[in-house]
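Chain by chain, the residues:
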Amino acid sequence: MGVTRRVGTRDSPRQDVGPAGGLAGDDEVLRALLRRQAAGGRADGDRIALAVSGGGMRGAYAGGMVHALSDAGLAPFFDVVYGSSAGAFVGAGLLLGSGRGSAAIFYEDMACREFIDPRRFPRRPLVSLDHLLDDVLVHSKPLDWDRLHGSPVPLRVVATALDDLSPHVLEPGTPEEWKLTLRATASIPLLAGPAVELHGRRWIDGSVGEPLPVLRALADGATHVLALFTRAASELRIGDPGAPAGWARALDRLAPGLGHMAQEARRHAPVLAVLGDAAHPSRDGVHLLALLPERDEGIRGLTTDAPRVERAAQAGYAAVVAALARVRDAA
């Protein structure tokens, strides 16, 4: 997975900073975006990727980050966007110029019983993707599927194959398939709806197999990766408490191993190993920066406390503002 480009030239030496959570970050990622903004284009030979984590309502953190990137005028200067689960929806908002909507959708449209209602379980899924895709993204926060399909900057949506629980990037060929793709990356049997059939396979939530697609961006040849976490540093330290054990057992009956993966904190371990070690072989020649929320607002995957979810979006926004201020102050 390693590449052969070297970090640390006289023109752009590696600047490893210590963001929350002890992750070894390289501010050259933000400097590269700011240089592109000043030049007004992306023709610099670099490949700058944005990777957005999943996590249900935790996506409000990343939504706030994307809102801040959009307000700073940096959204047009990524070459590719990767997203799993909620991260795919947030990434779509960035590409379609809806930075504020990427954050507001969580506390204005999703922190409600129409979207999340434990009383539905087990007769129906707790999470209603129908509400999100057929109501919110049609009326309140309309998503232009044609524009998404034709976006010059690709959105790489990660979903997990139900047959072997391996993650893949889906490749929708039409606007209609894009809608299926975003449903697929967020579907979990019993919790958020059945697996989605597309291109001859059945797909479920992308964050089950690949919660933050940083390693995929590196493997695809990114020279710079900005990773947006939907967990605060405190959550990364204590690990993901996961779904209740009963849900996990039910999921394992549907697909052996699914329940374990759905609540297993170790699925974050490979990407955390890379993000936490500036000398990791996978980072050879690559500039990599992870942003975490400024504060832990106690958001979990099924949180419906709208004011708290809004504070989470504000914490994500503040993280980007602080990072950009740090880079500008150092210039």
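Computed from a predicted structure; not experimentally measured.

Within the protein chain one finds 14 helices and 10 strands. For the protein chain, buried positions account for 57% of its 331 residues. Counted over contacts in the protein chain with a minimum sequence separation of 6, partners at least 24 positions apart contribute 74%. About 13,500 Å² of surface is accessible on the protein chain, with carbon and sulfur atoms providing 51% of the total.

This next bit is on the UniProt feature "active site" (unreviewed entry) in the protein chain. UniProt annotation of "active site" (unreviewed entry) refers to S85 and D205 when read in the numbering used here. A compact arrangement is adopted by the annotated residues: their sequence extent is 121 residues, whereas the largest C-alpha distance between any two is 5.7 Å. Within the element layout of this structure, S85 appears in the loop between β4 (80–84) and α3 (86–95). Once you skip the residues sitting within four places of it in the chain, S85 turns out to touch G54, V158, T185, A186, D205, G206 and S207. With respect to the secondary-structure elements, D205 resides in the loop between β8 (201–204) and α8 (206–209). The class for D205 is buried, based on a relative accessible area of 5%.

Turning next to α3. A large share of α3 lies buried, amounting to 10 of its 10 residues. Along α3, the residues that are buried comprise A86, G87, A88, F89, V90, G91, A92, G93, L94 and L95. Directly after α3, the chain includes G97, whose backbone phi takes a positive value near 75°.

Thresholds applied
- Residues numbered from 1 in each chain as written.
- Predicted model: local features only at pLDDT ≥ 70, side-chain atom pairs only at ≥ 80, totals over all residues.
- Heavy atoms only, no water.
- Helix = DSSP H or I, 4+ residues; strand = E, 2+ residues; numbered from the N terminus.
- Buried < 20%, exposed > 50% of the residue type's maximum accessible area, 1.4 Å probe, protein only.
- Contact = heavy atoms within 4.5 Å.
- Areas by Shrake-Rupley, 256 points an atom, 1.4 Å probe, with all protein chains shown as cover.
- UniProt positions renumbered as here; feature names shortened; annotations may be inferred.

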